[in-house]
Amino acid sequence: MKRLLALVLTMCMVLALCACGTAAAPAETASADAAAPAETAEKTVLSLATVCAAGTPTDLTCLKFQQILNDSGLFDVTYYGQSQYGSVADMMENVLADDNLIAIASPADIGDAAGVADMSALMAPFLCNYPREIRAITESDWFAGLTEQCYAKNIKVINCDLIEGTRYFWTTKKVVEPSDMAGLKFRVPGSANYVNTFTAFGATPVTIAVGDLYTALQNGTADAFEFPLADAYAWQLNEVSKYVANQNYVTGFTGLSMSANVWETLTPEQQEIINNAAKECSEYCFDVFDEKTEEAKQLLIDAGIEFYDVDVDAYRACVDKYFELSNFSDGVQETLDNLMAEYRANH
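The rules behind the values
- Residues numbered from 1 in each chain as written.
- Predicted model: local features only at pLDDT ≥ 70, side-chain atom pairs only at ≥ 80, totals over all residues.
- Heavy atoms only, no water.
- Phe/Tyr/Trp six-rings, centres within 6.5 Å; stacked < 30°, edge-to-face > 60°.
- Helix = DSSP H or I, 4+ residues; strand = E, 2+ residues; numbered from the N terminus.
- Buried < 20%, exposed > 50% of the residue type's maximum accessible area, 1.4 Å probe, protein only.
- Lys NZ or Arg CZ within 6 Å of the ring centre and 35° of its normal.
- Salt bridge = Lys/Arg side-chain N within 4 Å of Asp/Glu carboxyl O.
- Axes fitted to C-alpha atoms, helices over the stretch in contact; angles between N-to-C directions.
- Parallel < 35°, antiparallel > 145°, perpendicular 65-115°, else oblique.
- Left-handed = near helix turned anticlockwise from the far one by under 90°.
- Contact = heavy atoms within 4.5 Å.
- Nonpolar A, V, L, I, M, F, W, Y, C, P; charged D, E, K, R; others polar.
- Pairing = 2+ DSSP bridges.
- Core = buried A, V, L, I, M, F, W, Y, C linked by side-chain atoms within 4.5 Å.

*Asks:* Where do I start with the packing of aromatic side chains in this structure?
*Replies:* The relative placement of two aromatic rings is captured by the distance of their centres and the angle of their planes. Under the defined criterion, the tally for this structure stands at 17 aromatic pairs. Here phenylalanine 169 and phenylalanine 201 contribute two aromatic rings whose centre-to-centre distance is 5.9 Å and whose plane-to-plane angle is 80 degrees, an arrangement assigned as edge-to-face. Highlighted residues: phenylalanine 169 in strand β5 (residues 162-171) and phenylalanine 201 in helix α7 (residues 192-201), separated in sequence by 32 residues. Each member of the pair phenylalanine 169 and phenylalanine 201 is classed as buried. Between phenylalanine 186 and phenylalanine 198, the ring centres sit 4.5 Å apart and the planes meet at 25 degrees, which makes this aromatic pair stacked. In this pair, phenylalanine 186 sits in strand β6 (residues 185-188) while phenylalanine 198 sits in helix α7, placing the two residues twelve residues apart along the sequence. Just as phenylalanine 186 is buried, phenylalanine 198 falls in that class too. Above the plane of the ring of tryptophan 263 lies lysine 156, whose end atom (NZ or CZ) is 4.8 Å from the centre. Directly above the ring of phenylalanine 307 sits lysine 297, whose terminal nitrogen or CZ lies 4.9 Å from the centroid.

*Asks:* Sorry if this is basic, but what is going on with the pattern of salt bridges here?
*Replies:* Side-chain pairing between opposite charges can occur once the charged atoms of the two side chains come close. Counting across every chain of the model gives nine salt bridges. Of the charged contacts, one joins aspartate 287 and arginine 132 as a salt bridge, the two residues approaching to 3.1 Å between their closest N and O atoms. Residue aspartate 287 is located in helix α11 (residues 268-302), and its partner arginine 132 is located in the loop between α4 (107-114) and α5 (135-138); the two are separated by 155 residues in the primary sequence. For arginine 132, a relative accessible area of 25% gives the class partly exposed. Glutamate 306 is the salt-bridge partner of lysine 174, the closest N and O atoms lying 3.1 Å from each other.

*Asks:* Which parts of the structure should I look at to understand α7?
*Replies:* Since the α-helix packs 3.6 residues into each turn, any two residues three or four apart lie on the same face. Counting buried positions along α7 yields seven of ten residues, so the element is predominantly enclosed. Within the span of α7, buried status applies to Asn193, Tyr194, Asn196, Thr197, Phe198, Ala200 and Phe201. Glycine 202, located one to two residues past α7, shows a positive phi value of around 100 degrees.

*Asks:* Explanation requested: the packing of helix α3 (residues 88-96) against α4 in the structure shown.
*Replies:* For any two helices packed against each other, the geometry comes down to the angle between their axes and how far apart the axes lie. For the pair α3 and α4, interaxial distance at closest approach is 10 Å and the crossing angle is 50 degrees. In this view, α3 runs oblique relative to α4, as classed from their interaxial angle. The way α3 lies across α4 gives a crossing that is right-handed. Taken together, the residues of α4 that come into contact with α3 (itself represented by Val88, Met92 and Leu96) are Asp109, Ile110 and Ala113. Class assignment of the residues belonging to the contact of α3 with α4 gives a composition of five nonpolar, no polar and one charged.

*Asks:* Sorry if this is basic, but what is going on with the pairing of β5 here?
*Replies:* Within a regular strand, side chains alternate between the sheet's two faces. Burial runs high along β5: ten of the ten residues are buried. In this sheet, strand β10 (residues 250-259) lies alongside β5 in antiparallel orientation, the contact comprising five bridges. Across the sheet, the residue bridging to arginine 167 is valine 250, located in β10. Bridge count for β5 against strand β8 (residues 224-228) is four bridges, and the pairing is antiparallel. Bridge pairing in β8 places arginine 167 opposite proline 228. Relative to strand β9 (residues 243-245), β5 runs antiparallel, the two sharing two bridges. Looking at β9, one finds that threonine 171 is bridged to tyrosine 243.

*Asks:* Even after reading the chapter, I still don't get unusual backbone geometry, so can you show me in this structure?
*Replies:* Where the residue is not glycine, phi is negative for most of them; where a peptide bond is considered, it is trans in most cases. In this structure, asparagine 154 takes a positive phi of about 80 degrees despite not being glycine. You can see asparagine 154 is positioned in the loop between α6 (141-152) and β4 (155-157). Using a relative accessible area of 13% as the deciding quantity, one classes asparagine 154 as buried. Of note, glutamine 236 is a non-glycine position whose phi angle comes to about 60 degrees, a positive value. Looking at where glutamine 236 falls in the secondary structure, it is placed in the loop between α9 (229-234) and β9. By relative accessible area, which is 44% here, glutamine 236 ends up partly exposed.

*Asks:* Before we go on, may I ask you to explain the nonpolar core in this structure?
*Replies:* Where a protein is soluble and globular, its nonpolar side chains tend to be buried together. With 109 residues, the main nonpolar core has Leu69, Phe169 and Trp170 as its most contacted residues. At ten residues, α11 tops the list of elements feeding residues into this core. For leucine 69, the residues in contact, after removing those within four places along its chain, are Leu46, Leu74, Phe75, Val77, Ile102, Ile273, Ile274 and Ala277.

*Asks:* Explain the packing of helix α2 (residues 57-71) against α11 here, please?
*Replies:* For the pair α2 and α11, the least separation of the axes is 9 Å and the interaxial angle reads 150 degrees. Taken together, the axes of α2 and α11 lie roughly antiparallel to each other. In the crossing of α2 with α11, the sense of the turn from one axis to the other is right-handed. Within the contact between the two elements, α2 uses Pro57, Leu60, Thr61, Lys64, Phe65, Ile68 and Leu69 and α11 uses Ile273, Ile274, Ala277, Ala278, Glu280, Cys281, Tyr284, Cys285, Val288, Phe289 and Lys292. Classifying every residue of the contact of α2 with α11 gives 14 nonpolar, one polar and three charged.

Here it is in structure tokens:
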């Protein structure tokens, strides 16, 4: 009887231990699951490139744009400034080839690459009385139609209202009126828009990459050039020039553009981050521009540059010829005039 009782007690203990072991297992599994790290979203690797020099408004804006994207945790952006990625034409070729690149390019450069000539009209001489007026164009339905045309050619225009600078005549003799331009080899960026502008002014435009400009002015390949004040100082171009016009002839804008095919690989969240960053950086760029331009003008005066007045009305009289030379759609000049008039009436 004692043996039977002992056997029964032993069996009960074994069963109890088995039950405890079985109940403990799920707790152990749950603990392991809780300790497992969450999956990290893969970052999209992008390059950001400009030809602008260090310390210029465009350069500072690019650094801010890079930081916003990288701080989101969804991008790994490497920035290439001061032509490290090549010329603007090189960058636009890479955009069309579907490189993971956001290029800083003017509307004229974007239009040339996409074959959308009307984009260059944003760089028409004497279009804006002050920089922020460009939004009369960039926020219009007309401009939205142009960006759709660019998209169809594989260029996503993110924005076009980053102010590169108000651009001035830089010469070794004063060019008070268009007749003074005759015979001058005027360096311009590699865009048909600038060629048409200075042809209309009566100069002989020559296209030279900005990285080669200093040497070109030294050896006589170019006699003069046009440039924003802060950028020219950053490139030390004041060393090979003497006179600068007080009045700018055009407000230069750039924008962020990338391959439409690459854009479509981004998630909606990533696209929203880029769009919001572009808006924030546009306003930042305007603010930095105002500060840097005043600072640069004083530095240039201290360095011996002489500022003088030009006959703005005489140069404005050349604008019609500029539009005749440009391969724009019918009615573009009238469209711009109407958009500007409406904007000025409401601001």
